[in-house]
Every structure is written in C-alpha cells, then in structure tokens.
Amino acid sequence: VVIVDDFSDPASGWHTGWAQRAVEPAYRDDSGNWHEEGTLEDVAHMSYGDGHYRIYIPMDFRGGGTVDTWFVWPAEVAPLPAAYYPLPDHYCITARAKFSTTEDYSPYLAHWGIVFGANESLSEIYTFQINANHYMGVVGFHNYTYPGDRCVDCGHDIEWPMYNWHQVDHINPAYQYNTLRVEVAGSTAYFYVNGVKMWTTHNYVASMPRAHIGLIGGDFEITPVKVMFDYFRYE
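Counting restarts for each chain, with residues numbered from 1 along the sequence as it is written. Only residues with pLDDT of at least 70 get local features here, since the model is predicted, and only at 80 or more are side-chain atom pairs given and counted; chain-wide, interface and lining totals rely on the full set of residues. Values reported for side chains reflect all heavy atoms of the structure, with hydrogen atoms and water molecules removed beforehand.

Explain the nonpolar core to me, please; I cannot follow it from the model alone.
Buried Ala, Val, Leu, Ile, Met, Phe, Trp, Tyr and Cys residues form a nonpolar core when they are joined through side-chain atoms within 4.5 Å. Only protein chains enter the accessibility calculation, which uses a 1.4 Å probe. A residue is then buried if its area is under 20% of the maximum for its type, exposed if over 50%, and partly exposed in between. Of all hydrophobic cores here, the largest spans 53 residues; its most connected members are Phe116, Met136, Ile213 and Phe232. Among the nonpolar cores identified, the runner-up in size contains 12 residues, and Trp73, Val139, Phe141 and Ile216 belong to it.

Here it is as structure tokens:
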C-alpha cells in the first residue's frame, strides 16, 4: 500500500482551520487586553495553498501579536483510511517541507517533522524532527495536549528525547526543502535526513502506540512561523 500526497488537492483530508489552546496563566497583551485564564485562543492555523499544506503560528503577544503563541506545535493526523490502523509492523513515512522565510536559522529553533507513532487520543506521540538551526531530534511527548503545551518553567515539561537534539551537517538552509524519512521495522526504526541515515534505534519502538501517524510543526519561542509541506508518502 502506498499513499502519496503532494497537497495539490485541498480536499485530500488533512485538518484545516484554527487550533485553539487554553490560556494559562492569565496575561495582558501588548495592547493592554486582558486574557483570562482558561479561555481559548486561536494559536495555529492549518491550510492548503500553492501546492503546500501549511502550519502557521501567528506572532506572539510579546512581539506585538494578540495571543500567547510560545511553544505551539500542532500534531496533525494523516488521513489514512481507517482500515490502515492500527499500523502494521513494517512501514515507511517520508515528508518534505521548508520554512516560509528568506533567511537561514530563521525562525530561531522553529521545527517540523514526522509523527511516526501515536495513540488514539494523541496524548502520546513519537516524532522525528529538524529545526531551522540545522538540528535533528527524535522526540517523544507524554501527556501531549493539542496544539502544544510545553511549559519550561512550570514543572510539567512533557518532552522526552529518544535521540537528543543534535546539529548535523547536511540539513539544508531553513528556506530550502529538507526531506525526512522514518522506516519502522518491527522493534527497530531508521531515521534519514535528505537520504542519509542518521540514527537507528532498537528501543522505544516495540511498545510505541500505532493508532496514528502524521505531521508536526511549530515554534520554540520566536514567532511567527509557517511550515510549508509539499510531499507526504506512506507505504
């Protein structure tokens, strides 16, 4: 079975529209507007356009925007037919993307990648990602809450590295396309950047949930961020 999406068809099934996140804690934005804790804010927008699937994170209020958009990285589920889940023992996922930018290392530490395993509720996801600073990482998230809720200062950081973020030579500049590939073979997984094998793991994968795969992208703190995907393949 092979499924390829070049995102030229806006009805191919990927989620579109705004993603919301609850305010925590309350804050006053740069225009003086008060944002009450627990209310929902639009923090990411998914759309098709110009042959791409786009994940957009608007400007954070600390940079002149109107909402808190630090640490926003929506994980979007691939629209595979229901009969393909749970995932088999062996499968491959390939994705290609770039940042909508004219500069390298920009937006600073913005990242994107492949979700190569997830549970039904997306509270546990396994990702292979690169960032605009030429780093790659194989990163899991426990207690993930869509569209991202990493809090570095409040005692419940949910990110755990399987392969810690590490700079590599052959990641292309942020404004150019990079291609990521994950091959899952039973309890082993192989990770490639632009055709070069970067890492192999014999841990983690055997117990990995296989209810979903997909894409992920977003910011560290610097915003706005727009990730432009032009290719996705599952086989």
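Back to the text.
Looking at this structure, I do not really get the packing of aromatic side chains. What am I missing?
The rule is short: rings of Phe, Tyr and Trp, with Trp giving its six-membered ring, pair when the centres are within 6.5 Å, and they are stacked under 30 degrees, edge-to-face over 60, tilted in between. Under the criterion given, the structure shown has 21 aromatic pairs. Seen in terms of ring centroids, Trp14 and Phe232 are 5.2 Å apart; in terms of plane orientation they differ by 80°. Their pairing is edge-to-face. Residue Trp14 is found in the loop between strand S1 (3–5) and strand S2 (17–22), and its partner Phe232 is found in strand S17 (residues 225–234); the two are separated by 218 residues along the sequence. When its relative accessible area of 2% is taken as the criterion, Phe232 is described as buried. A centroid spacing of 5.6 Å and a plane angle of 90° characterise the contact between Trp112 and Phe229, whose relative ring orientation is edge-to-face. Each helix is a run of DSSP H or I of at least 4 residues and each strand a run of E of at least 2, with the numbering of both proceeding from the N terminus.

Got a minute to help me understand the pattern of salt bridges in this structure?
A side chain of one charge can pair with a side chain of the opposite charge when the charged atoms of the two come close. The salt bridge criterion pairs a side-chain nitrogen of Lys or Arg with a carboxyl oxygen of Asp or Glu, the two atoms within 4 Å. The tally for this structure, following the rule as stated, stands at 7 salt bridges. Between Asp68 and Arg62 there is a salt bridge; the shortest N-O distance is 2.6 Å. For Arg62, a relative accessible area of 40% gives the class partly exposed. For Arg181, the salt bridge identified is with Glu235, shortest N-O distance 3.6 Å. Of the two residues, Arg181 is situated in strand S13 (residues 178–185) and Glu235 in the segment after S17; the sequence distance between them amounts to 54 residues. For Arg181, a relative accessible area of 22% gives the class partly exposed. Classification of Glu235 as partly exposed rests on a relative accessible area of 29%. Beyond isolated ion pairs, a larger network of salt bridges with shared partners links Arg21, Asp60, Arg62 and Asp68.

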